[in-house]
Each structure stands twice: as structure tokens, then as C-alpha cells.
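# Secondary and tertiary structure notes
Each chain, letter by letter, is given below.
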Amino acid sequence: MLGESMRKNIFLLILLFFVFALALFGCKQESNNNNPEDNKPVLSVSINYFELLAGESATITPTVTGVKEELVVLFSSENPAVATVDETGVIEAMAPGETTIILIIENYEDIIETIT
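Residues numbered from 1 in each chain as written. Predicted model: local features only at pLDDT ≥ 70, side-chain atom pairs only at ≥ 80, totals over all residues. Heavy atoms only, no water.

### Examining the sheet that holds strand E7 (residues 101–105)
Threshold: Pairing between strands requires that DSSP locate at least two bridges from one strand to the other. Only DSSP runs of H or I with at least four residues qualify as helices, and only runs of E with at least two residues qualify as strands; both kinds are numbered from the N terminus onward. In this analysis an axis means a line fitted to C-alpha atoms, helices contributing only their contacting stretch, and an angle means the value between N-to-C directions, from 0 to 180 degrees.
Reading across from one edge, E4-E7-E8 is the order of the three strands in this open sheet, with antiparallel pairing throughout. Every interior strand has two partners, whereas the edge strands, strand E4 (73–77) and strand E8 (108–115), have only one. When the angles between neighbouring strand axes are averaged without regard to direction, this sheet yields 25 degrees. Of the pairings in the sheet, the one linking E7 to E8 comprises five bridges and is antiparallel in character. Its bridge partner being in E8, isoleucine 105 is matched across the sheet by tyrosine 108.

Below is the structure:
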């Protein structure tokens, strides 16, 4: 028969083993690659403000990160009478005033970047 102190030591060793196993395996957070939020692209531009005179132009160079596939960035102007933007991101000032150029990733309409 085991002595009282030996039983306590075995009990503590088993308890310590289970605590260690629970901490090591039970708290592991698994990545869910099926969650679309994990794979959303990030849209950014290096310049958020242009100051152009009528007839001048500038080019927006967007960067899309966070995904492997090639994505299409769509451009639009809130006020084409002041400035237009083509499908490649070239802004052309048409008249004095202020407008906002909007960039959206195709099929990700909730990801928006703006330039004034």
C-alpha cells in the first residue's frame, strides 16, 4: 500500500499533467479560413488629396493587399463637372471646385477609399 505522501505526490503529478494538457491543447485558437472576414482585401492610396487647375491631370495609384487574387479597382467622381477620373485612375480637372474621387474594389463594395 502506498503511503499518504506518495498518494498526494501522484495526485499532484496527475493534476499537473491535466492542467498542462488543458493549457496546451484546450486554449489553442484555430484559424477559420472559411470566414470571409479573414480574407478581405485592404485598399489604400498614398495620396488622399490633389490640388489641380482646370486642364491638369494626376494619376491615382491604389494598392490592394490582403488577398492573393488580382482585383479590379473601380473609380468614380462625385462631381464630374469639377473633375473626371477614368478606369485607370487618371484624374482630370475640368473646372474650379472640389469633388471626391471614390475608389471601390469590384465585388467588395464595402471597401472604399476616397480622394479629395
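Okay, back to it.
### Considerations on the pattern of salt bridges
Basically, it comes down to this: Within this document, salt bridges are pairs made up of a side-chain nitrogen of Lys or Arg and a carboxyl oxygen of Asp or Glu, the two lying within 4 Å of each other. Accessible area is worked out with a 1.4 Å probe on protein chains only. A residue is then buried under 20% of its type maximum, exposed over 50%, and partly exposed in between.
Under the defined criterion, the tally for this structure stands at one salt bridge. The partner of aspartate 110 in a salt bridge is lysine 40, and the shortest N-O contact between them spans 2.3 Å. Of this pair, aspartate 110 sits in strand E8 while lysine 40 sits in the loop between helix H1 (4–26) and strand E1 (42–45), and the two are 70 residues apart along the sequence. On the accessibility criterion, lysine 40 (25% relative accessible area) is partly exposed.

These results come straight from atomic positions and should not be treated as a statement about function.
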